[in-house]
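# Observations on the model geometry
This is what each chain is made of:
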Amino acid sequence: MKIAEALALRADLAKRIGQMEDRLRNSSKVQEGESADEDVHELLKELSALVKQQEEIVYRINKTNMLTEVGGETLTQKIAHRDMLNSHLKVVNTLLQHLMGRNDRYSRSEIKDVKTIEVKEVRHLFDSLSKQLRETDTAIQGINWNVDLLD
């Protein structure tokens, strides 16, 4: 199994575990005289099996990410770099939106805001970070589709 397939499985397991919460809630209490649609004890067994399966796949993904090296970096390092680029980009985008916002003044006597950095400079930084993020994410996805998951 490739890392990408394991990631899809992890997402599916998380979704199924989330659905178990509703199924358990719906079957754990019923009106007097009614019966539950599903056996709560069986649902709890199924939940335990799903959680155990999810734990195993998360462990294997993390192990593979730590031990897979590409270009002198582990996959974990590349993922951390991508996450930090995302955070950096989010803050720069907020700054850019703030700079591009209108300066509402109702009269000449009101205080005028003055920009302390040029929009062009921030936009250049935003574009540069966006490019780095795209390249990093593409590299990670390529690795995910080519590297086998470790046991």
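Residues numbered from 1 in each chain as written. Predicted model: local features only at pLDDT ≥ 70, side-chain atom pairs only at ≥ 80, totals over all residues. Heavy atoms only, no water.

## A look at the overall build of the protein
On a plain count of helices and strands, the protein comes out with 4 helices and 2 strands. Start at the N end of the protein and walk to the C end: the helices and strands fall as α-α-β-β-α-α. A globule of 151 residues ought to have a C-alpha radius of gyration of about 15 Å, yet the protein, at 25 Å, is considerably larger. Considered along the principal axes of its C-alpha atoms, the protein spans approximately 75 × 55 × 15 Å. Within the protein, the fraction of its 151 residues that count as buried is 23%. Within the protein, residue pairs in contact and separated by at least 24 positions form 71% of the contacts whose partners lie at least 6 positions apart. Accessible area of the protein: about 11,300 Å², with a carbon and sulfur share of 51%. (Helix = DSSP H or I, 4+ residues; strand = E, 2+ residues; numbered from the N terminus. Rg over C-alpha atoms; globule rule 2.2 N^0.38 Å. Buried < 20%, exposed > 50% of the residue type's maximum accessible area, 1.4 Å probe, protein only. Contact = heavy atoms within 4.5 Å. Areas by Shrake-Rupley, 256 points an atom, 1.4 Å probe, with all protein chains shown as cover.)

## Looking at helix α3 (residues 75–100)
Look at α3: 37 Å from first C-alpha to last across 26 residues, which is about the 38 Å you get at 1.5 Å a residue. Turning to α3, its buried residues number three or more, namely L75, K78, I79, L85, L89, V92, L96 and L99. Turning to α3, the residues buried within the fold contact α1 (3–28), α2 (40–67), β1 (69–70), β2 (73–74) and α4 (119–146). (Expected span 1.5 Å × (residues − 1).)

## A word on the pattern of salt bridges
Here the structure, examined in full by the defined rule, presents 11 salt bridges. The salt bridge involving K78 is made with E73; its shortest N-O contact spans 3.3 Å. In this structure K78 comes out as buried when scored by relative accessible area, which is 16%. With relative accessibility at 30%, the residue E73 sits in the partly exposed group. (Salt bridge = Lys/Arg side-chain N within 4 Å of Asp/Glu carboxyl O.)

## Quick look at the nonpolar core
Core analysis: the biggest nonpolar cluster contains 10 residues, these being A6, L13, I17, M20, L24, L43, L50, I57, I61 and L149. Put simply, the parts of the chain that give this core at least two residues each are α1 and α2. By residue number, the principal contributor to this core is α1, which donates 5 residues. Apart from the residues within four sequence positions on either side, A6 is in contact with M1, I57, I61 and L149. If you look at the next biggest cluster of nonpolar residues, it comprises 9 residues, including L85, V122, L129 and L133. (Core = buried A, V, L, I, M, F, W, Y, C linked by side-chain atoms within 4.5 Å.)

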